[in-house]
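Observations on the model geometry
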Amino acid sequence: MNTPVLHAQSLTKTFGTTTALAGVDLIVGRGESVAIMGASGSGKTTLLHVLAGITAPDAGSVHYAPAHGAPVDITTRNERERSKLRRETFGFVFQQGLLIPELTAIENIALALMINGTSRRVALEHAAGWMASLGLAGMEERRIGELSGGQAQRVAIARAQVTGAELVFADEPTGALDSQTSNDVMDALLWSTTGQGRTLLVVTHDSEVAARCSRTVHVRDGHVIGTETVNTGVTA
Ligand SMILES: Nc1ncnc2c1ncn2[C@@H]1O[C@H](COP(=O)(O)OP(=O)(O)OP(=O)(O)O)[C@@H](O)[C@H]1O
Ligand SMILES: [Mg+2]
């Protein structure tokens with residue numbers, strides 16, 4: 001495996017009496033695409049949120065090694081530091097893209113940069129570049145409701161990428177799409193992440209989506225189970 005970008009050890013998380021994570025160890029190499037599969041309620045979203053510093057685990061550590069600079073244990077950072085890391089270094093794509101309906105497609109993408117202090121003009125330029133790369137040229141001024149599901153997901157991917165995110169976390173990014181559109185969205189997601197030397201973690205129920213990733217880890221009852229599928233013939 002390449003140099004680890006994420007190294008999670010002995011992660012546990014309970015919600016009341018529910019054990020969502022029961023001691024998870026996971027190493028993710030830089031430039032990998034890792035699919036996380038498992039039954040509903042098995043702990044996939046919780047794992048993704050803990051790895052991304054959205055949720056603090058009860059115990060365990062998550063070491064993140066940036067491309068430049070020293071590794072950090074995300075779990076020891078306070079909310080302010082984790083929020084900065086999420087804004088500047090990580091990208092997120094969810095099933096419902098969490099796009100802002102009142103803004104145009106290009107503004108939704110540019111906003112991610114403007115929050116980090118980039119000027120509106122430069123942010124819009126970068127956003128336009130990503131839209132063109134993802135086949136969305138000409139749709140800049142449309143509002144989210146005026147896009148198809150697949151187009152909206154590509155806007156969400158552009159928004160996750162425009163800041164130069166080294167690590168992209170996606171939770172069921174194709175969950176609401178038909179299989180052809182899902183395939184197109186995976187093209188966009190893989191091209192914009194592993195295709196650029198970045199790393200992708202994607203939770204999915206869809207074995208076709210998982211098969212396009214370099215590796216699949218299986219989660220059951222809060223554990224990453226031993227069986228792991230290494231996929232060949234990956235198209236980035
Ligand atoms: N905020 C919360 N409060 C209480 N219980 C929670 C919370 N988040 C998750 N859980 C519980 O933790 C367990 C794991 O949930 P999680 O969302 O990680 O599952 P999942 O594998 O993503 O499922 P799905 O495929 O349905 O999205 C479930 O039993 C869930 O009900
Ligand atoms: Mg989930």
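All values derive from a computational prediction rather than experimental measurement.

1. Points about the domain arrangement of the protein chain
Taken as a whole, the protein chain is organised into domain 1 (1-89 + 166-236) and domain 2 (97-164). Between the C-alpha centres of domain 1 and domain 2 the distance comes to 23 Å. Across the domain 1/domain 2 interface, buried area totals approximately 1200 Å², and carbon plus sulfur atoms make up 62% of it. In terms of surface lost to domain 2, no three residues of domain 1 exceed Arg 87, Trp 191 and Arg 198, which account for 34% of the buried area on that side. Across the contact surface, domain 1 and domain 2 share zero salt bridges. Elements with a contribution of two residues or more to the side of domain 1 that touches domain 2: α2 (79-88) and α6 (179-192).

2. Re the site of ligand 1
As a structural note, the neighbourhood of ligand 1 is formed by Phe 15, Thr 18, Ala 20, Ala 39, Ser 40, Gly 41, Ser 42, Gly 43, Lys 44, Thr 45, Thr 46 and His 205. Here an oxygen atom of ligand 1 sits 2.8 Å away from a polar atom, N or O, in the main chain of Gly 41. Within the backbone of Gly 43, a nitrogen or oxygen atom sits 3.0 Å from an oxygen atom of ligand 1. When the free accessible area of ligand 1 is taken as 630 Å², the share hidden by the protein chains comes to 58%. Listing elements by their share of the shell around ligand 1, those giving two or more residues are β2 (18-29) and α1 (44-51).

3. Quick notes on the side chain of Thr 193
Looking at the element boundaries, Thr 193 is found in the loop between α6 and β8 (199-203). Those residues within four positions of Thr 193 in sequence are excluded, and the remaining contacts are Gln 161, Val 168, Arg 198 and Leu 200.

The rules behind these values
- Residues numbered from 1 in each chain as written.
- Chains lettered and ligands numbered in written order.
- Predicted model: local features only at pLDDT ≥ 70, side-chain atom pairs only at ≥ 80, totals over all residues.
- Heavy atoms only, no water.
- Domains from an automatic or database assignment.
- Buried area = accessible area lost by both parts, 1.4 Å probe.
- Salt bridge = Lys/Arg side-chain N within 4 Å of Asp/Glu carboxyl O.
- Helix = DSSP H or I, 4+ residues; strand = E, 2+ residues; numbered from the N terminus.
- Near = heavy atom within 4 Å.
- Polar contact = N/O pair within 3.5 Å; in protein donor to acceptor, adjacent residues only side chain to side chain.
- Areas by Shrake-Rupley, 256 points an atom, 1.4 Å probe, with all protein chains shown as cover.
- Contact = heavy atoms within 4.5 Å.

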